Amino acid sequence: MLTAGLVVALLVLVPVAAGLGAYPIPTGDVLASGAHRAGLGGTALDRVAESVLWNVRFPRIVLALLVGASLGCAGALMQGVFGNPLAELGVIGVSLGAAVGAVAAIAFGLTFLGTWTAPVFAFAAGLGTVLLVYATARSGGRTEVVTLILTGIAVNAFAGALIGLFLFSADTAAVNQIAPWQLGSLSQATWSKVLAVLPCAALGLVLAPLYSRRLDLLALGERPARHLGVDVERLRLTPVLVIALLTAAAVSVSGVIGFVGLVVPHLLRMAAGPGHRFLVPGSALLGALVLLGALVLLGALVLLGADLPARTLAAPPLGVLTALIGSPFFFWLLRRTRRRQGGWA
């Protein structure tokens, strides 16, 4: 039932998001244009509206769906692998680690893999970061909260310094390309970027649910999981590749968008319980819905700002918006964890 509700919400928000912005388009016109393109009747809009819809709005919407689904699904996988509800791509530095690879490709003008250059570099850097965090945070067969968070602080600081160094050494064109990307943005979305990220995101989203049953067994503890036939060490390591793949897919086109991978799985656990058979694919759906909802909010802010003569209201980048909403949730989660466990260990 919850899955159906998420799918319906996505279908409702897509035409709403497509119609909002500095150039508003009525939802009915959006649906008519979509039906016309699909050969199901409808009518084509004027040239400007058609261009805005299909060259600007819909690429951004499709990227938001892919990025949100990737971040939500990767967050659910990471929390299951680490056995820790505070594990999140941004908090423990995986997002910024993957960003180092993508920024390096952009800053130094590397294009030898074509449109795949930034995703491949992001995947390599993200994979290395996940393995580093995993090896550092694991101790005595469990992941310590303090070690996990301190590792994330160190990784984020080091990755941020590397990105700053790349920016310092890059030319003006590369700096202009990276600057909005650092804040998490889909403003430069194009169909070519959609095609570049689609294989990575689709592969990761297909593979992720395959680990659901074994992650449920792992949640019982390592010893019971082994008795039930689970290869615990292999289970902990192989999803890391999927996490890195999903992170690379998201970061390489949108930059760092934080807290989606933290907030989304927790909301679903509160609503439907901790079972990974629903949690992993459900996190992909809700992650897509969260970013699509953020696009709707940004579109409304842009539309409102366009109506103000002084333009005193500006829409923040997508990554800034998710951080503003996700940070208070993370503070609450930290306090809740400390209160329930009696400490941070």
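Because the structure is a prediction, the values reported are computed rather than measured.

Participant: Break down the overall build of the protein chain for me, with residues and values.
Facilitator: Scanning the protein chain from N- to C-terminus turns up 14 helices and 2 strands. The globule rule puts the C-alpha radius of gyration for 345 residues at 20 Å, and the 20 Å found for the protein chain is close to it. Dimensions of the protein chain, computed from the C-alpha atoms along their principal axes, are close to 65 × 50 × 40 Å. Surface accessibility of the protein chain: about 15,400 Å² in total, with carbon and sulfur atoms responsible for 68%. A distance of 9 Å separates the average location of the 21 positive side-chain charges in the protein chain from that of its 11 negative side-chain charges.

Participant: Break down the environment of His 36 for me, citing the residues and quoting the values.
Facilitator: Among the secondary structure elements, His 36 is positioned in helix 2 (residues 27-37). Dropping the residues within four chain positions of it, His 36 is found in contact with Gly 41, Gly 42, Thr 43 and Ala 44.

Participant: Describe in detail the pattern of salt bridges, supporting the description with residues and values.
Facilitator: The full count for this structure, using the stated rule, is 1 salt bridge. The partner of Glu 50 in a salt bridge is Arg 37, with the nearest N and O atoms 3.1 Å apart. In this pair, Glu 50 is assigned in helix 3 (residues 47-82) and Arg 37 in helix 2, connecting sequence segments 13 residues apart.

Participant: Account for the side chain of Thr 129, naming residues and giving values.
Facilitator: Among the structural elements, Thr 129 can be located in helix 5 (residues 117-137). Here Ala 125 takes part through its backbone oxygen, which lies 2.8 Å from a polar atom of the side chain of Thr 129. Setting aside chain neighbours within four positions, we find Thr 129 in contact with Gly 93, Val 94, Gly 97, Ala 98 and Val 155.

Participant: Talk me through the packing of aromatic side chains; I want residue IDs and the actual numbers.
Facilitator: Under the counting rule described, the total for this entry stands at 3 aromatic pairs. Judged by centre distance (4.5 Å) and plane angle (40°), the ring pair of Trp 54 and Phe 58 falls under tilted. Of the two residues, Trp 54 and Phe 58 both sit in helix 3, 4 residues apart, roughly one turn of that helix. As far as burial versus exposure is concerned, Trp 54 and Phe 58 are alike and both buried. Ring centres of Phe 112 and Phe 121 lie 6.0 Å apart, and the angle between their planes is 65°; this geometry places the pair in the edge-to-face category.

Participant: With reference to specific residues and values, describe the confidence of the model for the protein chain.
Facilitator: Summarising the model, the protein chain shows a mean pLDDT of 81, and 90% of its residues fall at 70 or more. Predicted confidence for residues 306-313 stays below pLDDT 50, and this span has 6 contacts to residues more than four positions away or in other chains.

Participant: I'd love a proper account of the packing of helix 1 (residues 2-19) against helix 3, names of residues and values included.
Facilitator: In the contact formed by helix 1 and helix 3, the axes pass within 9 Å of each other and the chain directions differ by 140°. Judged on the interaxial angle alone, helix 3 and helix 1 are oblique. Crossing of helix 1 against helix 3: the hand is right-handed. Side by side, helix 1 and helix 3 meet where Leu 10, Val 14, Ala 17, Ala 18 and Gly 19 of the first sit next to Leu 53, Arg 57, Phe 58, Ile 61 and Leu 65 of the second.

Participant: Mind laying out a positive patch on the surface, listing which residues take part and the relevant values?
Facilitator: Together, Arg 213, Arg 214, Arg 234 and Arg 277 make up a positively charged patch on the protein surface. Considering the arrangement of structural elements, one finds Arg 214 in helix 9 (residues 212-218).

Participant: Residue-level account of the nonpolar core, with values.
Facilitator: Among the nonpolar cores identified, the biggest contains 89 residues, and Leu 53, Val 67, Met 78, Phe 82 and Ile 92 are the most heavily contacted of them. When residues of this core are assigned to their parent elements, the largest contribution, 19 residues, is made by helix 3. When near neighbours in sequence (up to four residues on either side) are disregarded, Ile 92 contacts Met 78, Phe 82, Ala 87, Val 133, Leu 148, Gly 152 and Val 155.

Participant: A description of the environment of Leu 245 should follow, citing residues and the corresponding values.
Facilitator: Locating Leu 245 in the fold gives a position in helix 11 (residues 232-254). For the pair Leu 245 and Ile 178, spaced 67 residues apart in the sequence, the C-alpha separation amounts to 21 Å. Not counting residues within four places of it along the chain, the set of residues in contact with Leu 245 comprises Phe 123, Cys 200, Leu 203 and Gly 204.

Participant: Outline a nonpolar patch on the surface, listing residues and values.
Facilitator: A surface patch of nonpolar side chains, amounting to about 370 Å² of accessible area, comprises Phe 112, Leu 113, Trp 116 and Val 120. Summarising the element assignment, Leu 113 is placed in the loop between helix 4 (94-107) and helix 5.

Participant: Give me the lowdown on the packing of helix 3 against helix 11, citing residues and values where you can.
Facilitator: Two elements in contact, helix 3 and helix 11, have axes separated by 9 Å at closest approach and are oriented at 150°. Of the possible angle classes, the one that applies to helix 3 and helix 11 is roughly antiparallel. Once helix 3 is placed against helix 11, the crossing between them reads as left-handed. Packed against helix 3, whose contacting residues are Leu 63, Val 67, Ser 70, Leu 71, Cys 73, Ala 74, Leu 77, Met 78, Val 81 and Phe 82, the element helix 11 presents Arg 236, Pro 239, Val 242, Ile 243, Leu 246, Thr 247, Ala 249, Ala 250, Val 253 and Ser 254 at the interface. Here the contact of helix 3 with helix 11 is built from residues that sort into 16 nonpolar, 3 polar and 1 charged.

Participant: Could you give me a rundown of the side chain of His 266, with the residues and numbers involved?
Facilitator: One can find His 266 in helix 12 (residues 260-272). Assessed through its relative accessible area of 7%, His 266 is described here as buried. Apart from residues no more than four positions distant in its own chain, His 266 is found in contact with Gln 79, Pro 85, Phe 329 and Leu 333.

Analysis parameters
- Residues numbered from 1 in each chain as written.
- Predicted model: local features only at pLDDT ≥ 70, side-chain atom pairs only at ≥ 80, totals over all residues.
- Heavy atoms only, no water.
- Helix = DSSP H or I, 4+ residues; strand = E, 2+ residues; numbered from the N terminus.
- Rg over C-alpha atoms; globule rule 2.2 N^0.38 Å.
- Areas by Shrake-Rupley, 256 points an atom, 1.4 Å probe, with all protein chains shown as cover.
- Lys, Arg positive; Asp, Glu negative; His and termini not counted.
- Charge placed at Lys NZ, Arg CZ, Asp CG, Glu CD.
- Contact = heavy atoms within 4.5 Å.
- Salt bridge = Lys/Arg side-chain N within 4 Å of Asp/Glu carboxyl O.
- Polar contact = N/O pair within 3.5 Å; in protein donor to acceptor, adjacent residues only side chain to side chain.
- Phe/Tyr/Trp six-rings, centres within 6.5 Å; stacked < 30°, edge-to-face > 60°.
- Buried < 20%, exposed > 50% of the residue type's maximum accessible area, 1.4 Å probe, protein only.
- pLDDT = per-residue confidence, 0-100.
- Axes fitted to C-alpha atoms, helices over the stretch in contact; angles between N-to-C directions.
- Parallel < 35°, antiparallel > 145°, perpendicular 65-115°, else oblique.
- Left-handed = near helix turned anticlockwise from the far one by under 90°.
- Patch = residues over 30% accessible without salt bridge, like charges linked within 9 Å, V, L, I, M, F, W, Y side chains within 5 Å.
- Core = buried A, V, L, I, M, F, W, Y, C linked by side-chain atoms within 4.5 Å.
- Nonpolar A, V, L, I, M, F, W, Y, C, P; charged D, E, K, R; others polar.

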